[in-house]
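Fold and geometry: a report
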Amino acid sequence: VGLDPHVSTVVMDVLCNTSAGSRTVVMTTHNLERGFELGDDIAIINRGKIVYHAPKLELSKINFQRMYDRYTEMGE
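Residues numbered from 1 in each chain as written. Predicted model: local features only at pLDDT ≥ 70, side-chain atom pairs only at ≥ 80, totals over all residues. Heavy atoms only, no water.

1. Points about the overall build of the chain
Secondary structure summary: the chain contains 3 helices and 2 strands in total. Reading the helices (α) and strands (β) of the chain from amino to carboxyl end gives α-α-β-β-α. Principal-axis analysis of the C-alpha atoms places the extent of the chain at approximately 40 × 30 × 25 Å. Here the chain holds 76 residues, and the buried ones make up 18% of them. Taking contacts inside the chain between residues at least 6 apart in sequence as the whole, the part at least 24 apart equals 30%. Taken together, the 8 basic and 10 acidic charged side chains of the chain have centroids lying 5 Å from each other. (Helix = DSSP H or I, 4+ residues; strand = E, 2+ residues; numbered from the N terminus. Buried < 20%, exposed > 50% of the residue type's maximum accessible area, 1.4 Å probe, protein only. Contact = heavy atoms within 4.5 Å. Lys, Arg positive; Asp, Glu negative; His and termini not counted. Charge placed at Lys NZ, Arg CZ, Asp CG, Glu CD.)

Structure, rendered in structure tokens:
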């Protein structure tokens, strides 16, 4: 949030290059589209607890949005 286009590209390059090696990168974001695009595994956290976790290959973008909506509405 709030990054200019150049810095945003630099950050994405660093994340992609780091995760391409033998390292794990944990990224948190409210930008669902960007998170889905970059992630290999997807987790949804609601009120400090992981309420959903799956490999990205098991989800489409539409299903991910539905899961997000479903699991973030719990208890509200």
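2. Thoughts on the side chain of Asn 46
Along the chain, Asn 46 turns up in strand β1 (residues 41-46). With a relative accessible area of 11%, Asn 46 lands in the buried category. Of note is the side chain of Asn 46, whose polar atom sits 2.8 Å from the backbone oxygen of Tyr 71. (Polar contact = N/O pair within 3.5 Å; in protein donor to acceptor, adjacent residues only side chain to side chain.)

3. Considerations on the packing of aromatic side chains
Overall, the coordinates contain 2 aromatic pairs when judged by the stated rule. Plain terms: the ring middles of Phe 36 and Phe 64 are 5.5 Å apart, the flat faces sit at 25° to each other, and that makes the pair stacked. Here Phe 36, found in helix α2 (residues 32-38), pairs with Phe 64, found in helix α3 (residues 61-72); they are 28 residues apart in sequence, far enough to count as distant. Both residues of the pair, Phe 36 and Phe 64, count as buried. Between the aromatic rings of Tyr 52 and Tyr 71, the centroid separation amounts to 5.5 Å while the plane-to-plane angle is 35°, which identifies the pairing as tilted. (Phe/Tyr/Trp six-rings, centres within 6.5 Å; stacked < 30°, edge-to-face > 60°.)

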